[in-house]
Amino acid sequence: MGTHIESLTSTPVASEAPYYVRGLALGVMAFLIGIHLWTWVFMLPTFLGGRADFRQLYTAGYMVRTGHARELYNYDSQLRFQNEIVSRADIPLPFIRPAYQALLFAPFSWLRYRTAYLVFLAANLVLLGISFRLLRPFMDSLAEIYRWLPAAMFLGYLPVAAALMQGQDSILLLTLLLAAAV
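Residues numbered from 1 in each chain as written. Predicted model: local features only at pLDDT ≥ 70, side-chain atom pairs only at ≥ 80, totals over all residues. Heavy atoms only, no water.

## Looking at the overall build of the chain
So, step 1. Broken down by element type, the chain carries ten helices and zero strands.
So, step 2. In the chain, the order of α-helices and β-strands from amino to carboxyl end is α-α-α-α-α-α-α-α-α-α.
So, step 3. Computed over C-alpha atoms, the radius of gyration of the chain comes to 22 Å, more than 25% over the 16 Å expected from 2.2 N^0.38 for 182 residues, which places it beyond the range of a compact globule.
So, step 4. If you line up the chain on its principal axes, its C-alpha atoms span 80 × 35 × 25 Å.
So, step 5. Burial statistics for the chain: of 182 residues in total, 36% are counted as buried.
So, step 6. Pairs at least 24 apart in sequence give 71% of the contacts found in the chain among residues at least 6 apart. (Helix = DSSP H or I, 4+ residues; strand = E, 2+ residues; numbered from the N terminus. Rg over C-alpha atoms; globule rule 2.2 N^0.38 Å. Buried < 20%, exposed > 50% of the residue type's maximum accessible area, 1.4 Å probe, protein only. Contact = heavy atoms within 4.5 Å.)

Below you can see the structure in the form of structure tokens.
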């Protein structure tokens, strides 16, 4: 009876992950990161050319900065401004966020679109790094499989890669939510 109680109260010893878990982690992460890198190589010129979600955020910031905030939700105005300051398109990407959020993007509108996209990408990468640091203490089990697996999962996660590529503001939301939760 004494040994049974001791085995229940003792801390379990971490066991080595089975070979198939290690292999799957290695293969899936390599595949996902490879797909993202491949997409970056072929799609970056398209994104830099104004065919990314950042188009609407950048234009909203420009409209607010230049005194056209009243037209922020006007479809025709959005199309006109996007065509003038970003690139020509048949339809606009409508700005559907609260108006105050356009203020976050007003400073980016001082830069040319391509430069603003790259600066916003860098800002998103910094925020992603902060998010990773906030979550890292909760990923010890993954790090037991491979030390680099938590970082690879962050980089291989499709929504994160899409948000980075498209210039979306969801990584800012991720960082704020993680900071509040942690």
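Read on, since the account is not over.
## A short note on helix α8 (residues 149–156)
So, step 1. Along α8, the residues that are buried comprise Leu-149, Pro-150, Ala-152, Phe-154 and Gly-156.
So, step 2. Elements in contact with the buried residues of α8: α2 (19–48), α6 (113–135), α7 (140–145) and α9 (158–166).

## With respect to the pattern of salt bridges
So, step 1. In total, this model carries three salt bridges according to the counting rule given.
So, step 2. In this structure, Glu-71 and Arg-80 form a salt bridge, with 3.1 Å as the shortest nitrogen-oxygen distance.
So, step 3. Given a relative accessible area of 37%, Arg-80 falls into the partly exposed group.
So, step 4. Where Asp-140 meets Arg-136, a salt bridge forms, and the shortest distance between an N and an O atom there is 3.3 Å.
So, step 5. Given a relative accessible area of 25%, Arg-136 falls into the partly exposed group. (Salt bridge = Lys/Arg side-chain N within 4 Å of Asp/Glu carboxyl O.)

## A look at the packing of aromatic side chains
So, step 1. Counted by the stated rule, this structure contains 16 aromatic pairs.
So, step 2. Summarising the aromatic geometry, the rings of Phe-54 and Phe-105 are spaced 6.5 Å apart at their centres and angled 70° between planes, so their arrangement reads as edge-to-face. A residue pair is termed long-range when its members are at least 10 positions apart, and Phe-54 in helix α3 (residues 54–65) and Phe-105 in helix α5 (residues 102–105) qualify at 51 residues.
So, step 3. What makes Phe-105 buried here is its relative accessible area of 2%.
So, step 4. For the pair Tyr-62 and Phe-81, a centre-to-centre distance of 5.9 Å together with 55° between the ring planes defines the contact as tilted. With Tyr-62 in helix α3 and Phe-81 in helix α4 (residues 75–85), this pair connects stretches of sequence that are 19 residues apart.
So, step 5. Since its relative accessible area comes to 22%, Tyr-62 is described here as partly exposed. (Phe/Tyr/Trp six-rings, centres within 6.5 Å; stacked < 30°, edge-to-face > 60°.)

## Quick notes on the confidence of the model for the chain
Fine structural detail should not be taken from predicted coordinates in areas where pLDDT scores are low.
So, step 1. Averaged over every residue, the pLDDT of the chain is 88; residues scoring 70 or more account for 92%.
So, step 2. In this model, residues 4–13 is a region of pLDDT below 50 whose contacts with residues beyond four sequence positions or in other chains number zero contacts. (pLDDT = per-residue confidence, 0-100.)

## Description of α9
Residues that lie three or four places apart on an α-helix share one face, since the helix turns once every 3.6 residues.
So, step 1. Taken as a whole, α9 has its buried residues at Val-160, Ala-161, Ala-163, Leu-164 and Met-165.
So, step 2. At the C-terminal side of α9, Gly-167 shows a positive phi close to 70°.

## Let's talk about the packing of α2 against α6
So, step 1. Remark: α2 packs on α6, axes separated minimally by 9 Å, with the N-to-C direction vectors making an angle of 130°. Classified by the interaxial angle, the pair formed by α2 and α6 is oblique. Each of Trp-40, Leu-44, Phe-47 and Leu-48 in α2 lies in contact with α6, whose residues at this interface are Tyr-113, Arg-114, Tyr-117, Leu-118 and Leu-121. (Axes fitted to C-alpha atoms, helices over the stretch in contact; angles between N-to-C directions. Parallel < 35°, antiparallel > 145°, perpendicular 65-115°, else oblique.)

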